[in-house]
Amino acid sequence: MKRTLASTLICLLAVAGSAAEKPAVPEKLAALLTATNDAGKPVITPEQRTYFDGLNDHITALLSNATETEIITRPDHLGSILALGLRPQKMEVLLQDNCVLCHTDPEVQKPETLFSLAPPGGSNSHLNLRHLVDDVHFARGLSCSGCHGGDPASDKLEHSHVKEWPGTARDKDRAWILSFCARCHSDPALMNRFNPTLPTDQLAKFRESPHGKLLIEAKDSRAPDCLSCHGVHGMRNAKNPLSTVNPKRVHETCGACHANPAKMAGFKLPDGSPLPTNQVAQYRASVHGRALLERGDLGAPTCNSCHGNHAAMPVGLSSVSQSCGLCHAGAASLFDGSKHKKAFEEHKWAQCAKCHGNHGILKTHDAMLSSGPRSLCVECHAQYAKENPECSASAEHFYATITRLDQDWNRYNASAEQLAAKGLDVDPIHDQLGELADTIKQARAHVHAFSRNSFDQVADPGNKAADTISTLVSEARSEYRVRQMGLAASIGLIGLVMITVYLKLRRLERQADEPNR
Amino acid sequence: MNDHGHERSRLRGWLDSRYQITPLIEFLRHKEVPKGPHSMVWYYLGGTTTFFFMVQVVTGVLLLMYYQPGEATAYESMRYLTTKVPFGWLMRSVHCWSAHLMIVSLVAHMFSTMMLKAYRPPRELTWVSGYIMFALTLGFGFSGYLLPWNKLAYFATSVGTDLVKSVPLAGDWLLHVLRGGPDVTANTLFRFFALHVVILPLLFVGLIAIHLLFVQRQGMAPPLGQKVAGRGMKFFPSFALRDLLLWLLCLMILLVLSVFLPYGPGIPGMEWELGEKADPFEPAFPGIKPEWYFLWEYQLLKEFPPHLFGLEGPQVCLFVVTLLLAVWAIIPWLDRQAARNEPSPGFSDFGWGAILFLTFLTLKAWDIGALQPVDSPASLKVISRTCAWWTLGLGAIIIIVRFLFYHDRWFIFTGAALLHVALHGLFGLSYLTAGAIAASLAAAAVARRVLAARKTRASPGGVG
C-alpha cells in the first residue's frame, strides 16, 4: 500500500516537474510582452498574448533572437507581428526574414516603405502586411529577397537587387516584368518543385496576345503586365476567393481597364468603331454573369472563359461557335450542320452572337421564334430570305410546337399537384412530365438545326408523353371519383346502421318505460 | 318462446354451466350510468378514445402487413403501400387521422374528468391509470412519427430526442439508449418500431384493462355533491347503444376526413405527406416543428434563455414541465374539497388556467400573425401580441360563461394565465418575467384565500 502511494507521489512530482520545464521567456522579449503605454495599459493585447503563449519553443526562440539582435525593439512592433496570428510554418518564414522584420518597424521605416495591417493607402495597398503574408510565394518560402534581392539573413542595411531589376527606370517600360516573373514561371523544372500542374507557357502566350504586343512592341504604358492582373504583394491561388483572378473576381480585374473609358480611349474595334467599355456592366446583367455572381455557379463563364487569359484576345467570327460550344456543345454542333452556317459565313455574322449577343446574353424565350414583335428571324429574313416562305413557316411550326408542349407541361404539372394533394398516386404522371420536360429542352436546342424533320423527330416523344399524361390524369380523376362514391356508399351504409340502432334504442327504451307507467 | 329465443336460452345455459356467466349478465343488466345536472356527453369521451384506439390497432395491423422497418426499406415500403396497394392510402390516412383524433378525444376526456372532479376518492387510481395512458399515447405519436423515415420525421425526431440530453446526470446515456447510438440512425428506427408496435400496445392494452376494471367495479363517477345515487341511465341497452351511435358517427367523420384530407388539414404539426426520403447527411431544414400536441413544450423551450440559475435553459424548462405534470398527476390527493364531495372551484380554475397556458404557447408555436422573416425581432413581437389577443379573447369568453352560467367566482389561475399573456404579449415583458410576476400574484392570492377560509372555519360561527 505504502509503495503504491509513494510511486503515485513520484509520478505526480514528475508531471509537475515536466510542466515546470518549459523555458522561461527571455528577459528582453518578456519586457516587450509586458510593456505598457503612456496610459499604463499593456501594449500587447490579450489576444496577442494568448497567441504568443501557444507558440512552440522554436518560434519563441526566433522571436527572442529578433529582440536580442535588436531588430524588434518596440512592443507595438512585436504586437503587429503577433496580431497576424500566423500558423507556425509561416511565422517561421517571417521571423527568419529580416526584410519583413525591418520593414514592419514603424520607428525605422518611412510611411512609403512600412508594411502594416492598416496601410495609409487602404486595404488594397501593396504595403498591406496581411496581403504579404497571405501571398502564395510567401507560403512557399519565397519572400522579399526572391524578387527584390538582398540577404534576408543579414541585419545590415544593404540592398543588392537581382540583375533583372531595372532600378529607377522600371516604371517607364514595364516589359521587364514579364521576363522577371518568367525566370521562375517559364522554368518547368523549377515550377515542378512547387506545383507540377501549373503551366509554364504563360509568357509565350502573352507575347502573342494583343496585350503582350501592346506592351512589348508598342511599349504602351496602358498595356497590362503580370502584376496588373495578379497584383503585387498578396498573389493568391485562383481558387482563393480573395484572389484577383478568382472566377468571381475576373470581371472586376479585366474591368479595371476595360470598363474605364479613359484607359480605353483610342482603342478601336476591327470595324473602326471605338472599343466599348460597357462589357462588364452587360456581363453582370447577363444570364452568365447572374449565374456566376448571384447563384455562385462556378461552371458559368467569365471573361477568360471565352477570351482566354494570358493569350486574351477578341473571339473571332469563325470561332464564336467554338467558344460557346465549349459549354453549349449540342446547340453548336446542330448549328454547324445547319443551312444557316453557310449563310452566316457569307454575311460574316458572328454565329451564336448574331442572335444571342455576346457580353449581355439574356435568357432566351420561345417568342424569339415567333413572327411577333420579339421575333429574331423576321428582321433578317425580310431582308435576305424573303423569297423563301418555308423558313417562316418552319419557325412558326417550331414556336407553335414548343409553346404547346410547354403549356401541356404547365397544365399537367398543376393537375399532378392537385391530384397529389388528394392523395392519389402521381408517380407515373411525374415520370411522364420528366420525359416531356426533356423533350421540350431538346426541341429548344434542335431549333439550331433549322430543320423541320429533325425538329419533329425530337418533339414527337413529347407529343406522346403529353397524350400519356392526359390519359393518366383522367384515370387518376376517375379513381378519385370512385373514392368519393365509395365514401358516399360507406356513409350511407353507416347511416343506415345508425338509424337502425337508433330505432332499436327507442323501441327498447319505450318497452322499458311501459311497465313503469 | 319461439325457436330463436329457445336456442339463445340453450346457449346461455350451456355457457352458464361451464363459465357461470349469470352473475356477469345480472351485473351488466343492473349497471347504471349516473345522471346529473351536467351534460351526459362527458361520459362518452372514454368510449370514443377506446374506439379510436381500436381503429389504430386494426389499421396498424394492416399497415404492418406491408411496412418493412430499415433504412433502405421503411420509406420505400410506405411509398409502395400508399401508391400501389389497394386501399393502402386509406389505411395510412385513417391511421394518421385516428391517431390525432384519439389524442383530441383523450385530452377532452382528461379535462372533463378534471372539471367534473371524477378523480375524487375512491377513483384516484382510475385517474392515475388514465394519466399513464395519456403519456403512452404521446409515446405512440412520437415513436410512430419516425417510422415512414421521411425528411420531416427524421429531423423532428433528431430535435425531439435531443431534448433527453437535458436530463441531469443521465441525459447522454438516455439519449444513447433512445437512439441506439449518438445519432438518429436505423438503430433508432428499429427501437421506435419495437416501441410502437409491441411495447407500447402491450402496456396500453394492460392499462385499458385496469382502467376499465376500475370503472366497472366502481361505476362511473356521479355528479359532485350527489350523495345518494339517483336513478341513472341503464348501461344496457341505453348507454351502450348511444355509445355505438357515437362510434359510428366517429367512423363516418374519420372516413370523410381520410378521403378529403388524406395528408391532414395542412396545419404545421398536423400533416403527414410522405414527401422525400430522410437523408442523414443533409442539414436540418429551419423552422422544423413537432406534432401539435408537443408544440406547447417546443415553444416553452424557446422561451427559456440558454442559461438560467447556473443551469442550462432546457434543463430548467424540463424541470418546470416535470413539476407541472407531477402536480397534474397527484391532483386527486391535492383536491381535499372534492374528496369531501364538495365543489372545488380552485381546481376547476386551475384546469382552465392550464388550458389558456397551453393555448397561448401552441398559438405562438404556430407563428400566428408572423411577419417576414418569421424569426426577426419585429415579427416575434407581432406574433406574441397577436397570440396574446387571441388567448385573452378566449379567456374572456371562458370567464363570462363560467360567471354567468355556472356562477363561478374563482378566477385566480385563469386571471394569472391571462395576466401572464398580457404582460408578455401586450407589454413586451419576457415570457419568464411575465410568468414569474403572474405566478407570484397567483400564489399570494391563493394563500390569502386559503388563510381566509381557515379563519372562517376556525371561528365559532364559521362553517365547520
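Residues numbered from 1 in each chain as written. Chains lettered and ligands numbered in written order. Predicted model: local features only at pLDDT ≥ 70, side-chain atom pairs only at ≥ 80, totals over all residues. Heavy atoms only, no water.

**So, the overall build of chain B**
The line we're drawing: Secondary structure elements are taken from DSSP: a helix is a run of H or I of four residues or more, a strand is a run of E of two residues or more, and numbering for both begins at the N terminus. We compute the radius of gyration over the C-alpha atoms and compare it with the globule rule, which gives 2.2 Å times the number of residues raised to the power 0.38. With a 1.4 Å probe rolled over the protein chains alone, any residue whose accessible area is under 20% of its type maximum counts as buried; one over 50% counts as exposed, and the rest are partly exposed. In what follows, a contact means two residues having at least one pair of non-hydrogen atoms within 4.5 Å. All accessible-area figures derive from a Shrake-Rupley calculation using a 1.4 Å probe, and residue coverage is judged against the displayed protein chains alone. Counted as positive: Lys and Arg. Counted as negative: Asp and Glu, with His and the chain ends omitted from the count. One atom stands in for each charge, and that atom is NZ of Lys, CZ of Arg, CG of Asp or CD of Glu.
When helices and strands are tallied, chain B shows 18 helices and four strands. Taking 2.2 N^0.38 as the reference for a compact globule, 464 residues should give roughly 23 Å; the C-alpha atoms of chain B span a radius of gyration of 25 Å, in line with that estimate. The proportion of buried residues among the 464 residues of chain B is 44%. For chain B, long-range pairs separated by at least 24 residues make up 71% of all intrachain contacts whose partners lie at least 6 apart in sequence. Counting every atom, chain B has about 24,300 Å² of accessible surface; 71% of that belongs to carbon and sulfur. Taking the average place of the 37 positive charges on the side chains of chain B and the average place of its 27 negative ones, the gap between the two points comes to 12 Å.

**Details of the overall build of chain A**
When its secondary structure is counted, chain A shows 28 helices and zero strands. In summary, chain A has a C-alpha radius of gyration of 38 Å against a globular reference of 24 Å for 517 residues, an excess of more than 25%. Expressed as lengths along the three principal axes of its C-alpha atoms, the size of chain A is roughly 110 × 100 × 45 Å. Evaluated residue by residue, chain A yields a buried proportion of 33% over its 517 residues. Counting only contacts in chain A whose residues sit at least 6 apart along the sequence, the fraction spanning at least 24 positions is 58%. A total accessible area of about 30,700 Å² is found for chain A, and carbon and sulfur atoms account for 57% of it. Looking at charge distribution, chain A has the averaged site of its 56 positive side-chain charges lying 4 Å from that of its 56 negative ones.

**Quick notes on the interface of chain B and chain A**
Just so we agree on the cut-off: Buried area, as used here, totals the accessible surface that two parts lose on assembly, with accessibility defined by a 1.4 Å probe and the loss added over both. Salt bridges are defined as contacts in which a side-chain nitrogen from Lys or Arg sits within 4 Å of a carboxyl oxygen from Asp or Glu. Residue polarity is assigned by list, with Asp, Glu, Lys and Arg as charged and Ala, Val, Leu, Ile, Met, Phe, Trp, Tyr, Cys and Pro as nonpolar; anything else, Gly included, falls into the polar class.
In this assembly, 21 residues from chain B lie in contact with 23 residues from chain A. Surface buried jointly by chain B and chain A totals about 2,000 Å² across both partners, of which 71% is contributed by carbon and sulfur atoms. Where chain B touches chain A, the interface holds three salt bridges. With a closest N to O distance of 2.8 Å, E509 of chain A and R242 of chain B form a salt bridge. When residues of the side of chain B that touches chain A are traced back to their parent elements, those giving at least two are α4 (74–83) and α10 (235–260) of chain B. Tallying contributions element by element places α10 of chain B first for the side of chain B that touches chain A, with 14 residues. A class-by-class count of the residues in the side of chain B that touches chain A yields 15 nonpolar, two polar and four charged.

**Re the nonpolar core**
Rules: Take the buried residues of types Ala, Val, Leu, Ile, Met, Phe, Trp, Tyr and Cys, join any two whose side-chain atoms come within 4.5 Å, and each joined set is a nonpolar core.
Formed by 77 residues in total, the largest nonpolar core has its most connected members in F52, Y67, W149, L189, F204, L254 and W328 of chain B. For this core, the leading source of residues is helix α5 (residues 88–115) of chain B, giving 13 residues. With near-sequence residues (within four places) excluded, L254 of chain B lies in contact with F52, V55, V94, W97, S98 and L101 of chain B. In terms of nonpolar packing, the next biggest core, distinct from the first, is built from 31 residues, F52, L82, M91 and L94 of chain A among them.

**Topic: the pattern of salt bridges**
Residue and element names in this part refer to chain A. Summed over all chains, the structure comprises 33 salt bridges over all chains. R411 serves as the salt-bridge partner of D408, at 3.2 Å between the closest nitrogen and oxygen. Here the residue D408 and the residue R411 both occupy positions in helix α26 (residues 389–421), the gap between them amounting to three residues, near one helical turn. It is possible to trace a salt-bridge network through shared partners that takes in R74, D76 and E107.

**Side note on unusual backbone geometry**
Along the chain, P121 of chain B connects to P122 of chain B via a cis peptide bond; the corresponding omega equals 15°. Position of P122 of chain B among the secondary structure elements: in the loop between α5 and α6 (124–146). The backbone phi angle of E70 of chain A is positive, close to 60°, even though this residue is not glycine. Note on placement: E70 of chain A falls in the loop between α4 (57–68) and α5 (75–82). Relative accessible area serves as the criterion here: at 54%, E70 of chain A is assigned to the exposed category. Positioned with a positive phi, L169 of chain B is a non-glycine residue whose angle comes to about 65°. By the element assignment, L169 of chain B lies in the loop between α7 (151–162) and α8 (171–179).

**Here's the deal with the packing of helix α16 (residues 377–405) of chain B against helix α17 (residues 412–425) of chain B**
Residue and element names in this part refer to chain B. Spelled out, the test is: Between N-to-C directions, angles cover 0 to 180 degrees, with each direction set by a line fitted to C-alpha atoms, over the stretch in contact for helices. Angle categories are assigned with fixed cut-offs, so that under 35 degrees is roughly parallel, over 145 is roughly antiparallel, 65 to 115 is roughly perpendicular, and the rest are oblique. The crossing is said to be left-handed when, going from far helix to near helix, the turn is anticlockwise and less than a right angle, and right-handed when the turn is clockwise.
Closest axis-to-axis distance for the α16/α17 pair is 9 Å, and the angle between their directions is 160°. By the criterion of interaxial angle, the relationship of α16 to α17 is roughly antiparallel. In this structure, α16 meets α17 at a crossing whose hand is left-handed. Each of S384, R385, A388, T391, L392, G395, I399 and R402 in α16 lies in contact with α17, whose residues at this interface are T414, L418, V421, A422, H424 and G425. Residues of the contact of α16 with α17, tallied by class, amount to six nonpolar, six polar and two charged.

**Points about the packing of aromatic side chains**
Keep this limit in mind: Pairing of aromatic side chains here covers Phe, Tyr and the six-membered ring of Trp, requires ring centres within 6.5 Å, and sorts the geometry by plane angle: under 30 degrees stacked, over 60 edge-to-face, intermediate tilted. For a ring to carry a charge above it, either NZ of a lysine or CZ of an arginine must fall within 6 Å of the ring centroid while also lying within 35 degrees of the normal to the ring plane.
Applying the stated criterion to the full structure yields 30 aromatic pairs over all chains. Ring centres 5.3 Å apart and planes at 90° place the aromatic pair F344 of chain A and W349 of chain A in the edge-to-face group. Among the aromatic side chains, those forming a connected cluster through ring pairs are F111, Y119, W127, W328, F350, W410 and F413 of chain B. The cationic tip of R411 of chain A hangs over the ring face of Y412 of chain A; the distance from NZ or CZ to the ring centre is 4.9 Å. Over the face of the ring belonging to F235 of chain B we find K31 of chain B, whose NZ or CZ atom lies 4.9 Å from the ring centre.

**Here's the deal with helix α28 (residues 452–513) of chain A**
What counts, and what does not: The span expected for a helix works out to 1.5 Å for each residue beyond the first. A residue's bend is given by the angle between axes fitted to the 7 residues ending at it and the 7 residues starting at it.
Under the 1.5 Å per step criterion, the end-to-end length of α28 of chain A is 89 Å for 62 residues, consistent within 8% with the ideal 92 Å. Of all the bends found along α28 of chain A, the most pronounced is centred on A459 of chain A and spans about 35°, while P461 of chain A, a proline, follows it within four residues.

**With respect to the confidence of the model for chain A**
Put simply, the test is: Every residue carries a pLDDT, the predictor's confidence in it, which falls somewhere between 0 and 100.
Per-residue confidence for chain A gives a mean pLDDT of 87, with 92% of residues at or over 70. Here residues 11–20 of chain A is modelled with pLDDT under 50, and outside its nearest four sequence neighbours on either side it reaches zero contacts, counting other chains as well.

**Some details on the packing of α26 of chain A against α28 of chain A**
Residues and elements named next belong to chain A. At a closest axis distance of 10 Å, the pairing of α26 and α28 adopts a crossing angle of 25°. Taken together, α26 and α28 sit at an angle that is classed as roughly parallel. For the pair α26 and α28, the sense of crossing is left-handed. Contact residues: A393, S394, H397, F398, T401, I402, R404, L405, D408, Y412, S415 and L419 in α26; R452, F455, D456, A459, G462, N463, A466, I469, S470, V473, A476 and R477 in α28. For the contact of α26 with α28, the class distribution of residues is twelve nonpolar, seven polar and five charged.

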